[in-house]
Amino acid sequence: MKQKIAITGGIGSGKSIVAKILREKGYTVYSCDEIYKEVISSPTYIQQVGKEFPSCIEKGEINRKLLAAIVFNNSQKLNRLNQIAHPLIMEKLNAYMDNSNDSIVFAEVPLLFECGYEHLFEKILVVQRRKEDRVKAIAARDALSKADILARMDAQFPYDTEEGENHIKKIHAYQIFNNDTTDCLKAKINEFLNTLI
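Cut-offs applied
- Residues numbered from 1 in each chain as written.
- Predicted model: local features only at pLDDT ≥ 70, side-chain atom pairs only at ≥ 80, totals over all residues.
- Heavy atoms only, no water.
- Core = buried A, V, L, I, M, F, W, Y, C linked by side-chain atoms within 4.5 Å.
- Buried < 20%, exposed > 50% of the residue type's maximum accessible area, 1.4 Å probe, protein only.
- Helix = DSSP H or I, 4+ residues; strand = E, 2+ residues; numbered from the N terminus.
- Contact = heavy atoms within 4.5 Å.
- Pairing = 2+ DSSP bridges.
- Axes fitted to C-alpha atoms, helices over the stretch in contact; angles between N-to-C directions.
- Salt bridge = Lys/Arg side-chain N within 4 Å of Asp/Glu carboxyl O.
- Parallel < 35°, antiparallel > 145°, perpendicular 65-115°, else oblique.
- Left-handed = near helix turned anticlockwise from the far one by under 90°.
- Nonpolar A, V, L, I, M, F, W, Y, C, P; charged D, E, K, R; others polar.

Q: Got a minute to help me understand the nonpolar core in this structure?
A: With 36 residues, the main nonpolar core has Tyr45, Leu93 and Phe121 as its most contacted residues. Of all the secondary structure elements, the ones that give two or more residues to this core are helix 2 (32-39), helix 3 (43-52), helix 4 (64-71), helix 5 (75-99), strand 5 (104-108) and strand 6 (123-128). Looking at this core, the element that brings in the most residues is helix 5, giving eight residues. Residues in contact with Tyr45, not counting those within four places in the same chain, are Tyr36, Val39, Ile40, Ile62, Leu81, Ile84, Ala85 and Leu88. Leu22, Phe106, Val127 and Leu193 belong to the second-largest nonpolar core, a separate cluster that totals 17 residues.

Q: How should the sheet that holds strand 2 (residues 28-31) be read in this particular structure?
A: Sheets are built from strands that pair by backbone hydrogen bonding, the pairs being arranged parallel or antiparallel. One open sheet accounts for five strands, arranged 2-5-1-6-7; its pairing is parallel. Because the sheet does not close on itself, it has two edges, and the strands there are strand 2 and strand 7 (174-177). Averaged over neighbouring strand pairs, the angle between their axes works out to 25° when direction is ignored. Here strand 2 runs beside strand 5; their pairing, made up of four bridges, is parallel. Residue pairing in the sheet places Ser31 in a bridge with Glu108 of strand 5.

Q: I'm lost on the pattern of salt bridges in this one. Help?
A: A side chain of one charge can pair with a side chain of the opposite charge when the charged atoms of the two come close. Inspection of the entire model under this criterion finds nine salt bridges. With its nearest N and O atoms 3.0 Å apart, the salt bridge here joins Arg141 to Asp142. Of the residues examined, Arg141 reaches a relative accessible area of 54% and is grouped as exposed.

Q: Would you mind going over the packing of helix 6 (residues 131-142) against helix 7 (residues 146-154) with me for this structure?
A: Two quantities define a packed helix pair, namely the angle between the axes and the distance from one axis to the other. One way to put it is that helix 6 packs onto helix 7 with a least axis distance of 10 Å and a crossing angle of 120°. In terms of axis orientation, helix 6 runs oblique to helix 7. Taken as a pair, helix 6 and helix 7 cross one another with a handedness that is right-handed. Across the interface between the two elements, Lys131, Arg134, Val135, Ile138 and Ala139 of helix 6 pack against Lys146, Ile149, Leu150 and Met153 of helix 7.

Q: I would appreciate a short explanation of the packing of helix 1 (residues 15-24) against helix 9 (residues 182-194) in the present structure.
A: Between helix 1 and helix 9, the shortest axis-to-axis distance is 11 Å and the interhelical angle comes to 65°. The pairing of helix 1 with helix 9 is recorded here as roughly perpendicular in orientation. Seen from above, helix 1 lies across helix 9 with right-handed handedness. Along its contact with helix 1, which presents Ile17, Val18, Ile21 and Leu22, the element helix 9 presents Thr182, Leu185, Lys186, Ile189 and Leu193. The residue inventory of the contact of helix 1 with helix 9, partitioned by class, reads seven nonpolar, one polar and one charged.

Q: Explain unusual backbone geometry here, please?
A: Most peptide bonds take the trans configuration, and most residues that are not glycine carry a negative phi. Phi at Lys59 takes a positive value of approximately 55°, unusual for a residue other than glycine. Following the sequence through the fold, Lys59 ends up in the loop between strand 3 (57-58) and strand 4 (61-62). By relative accessible area, Lys59 is classed as exposed at 88%. With phi around 60°, His172 is a residue other than glycine that occupies positive phi space.

Right, here's the structure in full:
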């Protein structure tokens, strides 16, 4: 039986690093961010975004910076964009996972909890990291202001709260804390992989 495992966590938590380490170990890891790059140029997606956010379409393409500026400051608009994008992303992701010949497949799914996709996976791996370290990592990676970073964090699942912690425990997700060196992170990933055998 195939095991589908989701990797999730807040922005800047280190999901991509975990995915990279798993790929280096020979596992297949799909990325919703990579699939989104396929979806964003599809006529269906452009048409739907154009209906909802007409100012973000330029020469038949989506102005991603303008779209981000609109949705990350308005939770209702962000929810609407997610309603357009995520079914298309998850449809492609499921097809990739189903067509894989591997018995264990991973998928990096940033908004897993926000969109209620927990039921699509046999196991969930949550990557946690100190908030201040997340802010520093995002600032270095994306050259965003602290206010923009905090706005994006606030729009996500509340990983750093009791509510978030309770939900993670309730669904029996496995947590990895990415607060130390890469070698420590690799050791924690190995511990998780041992639970799959």
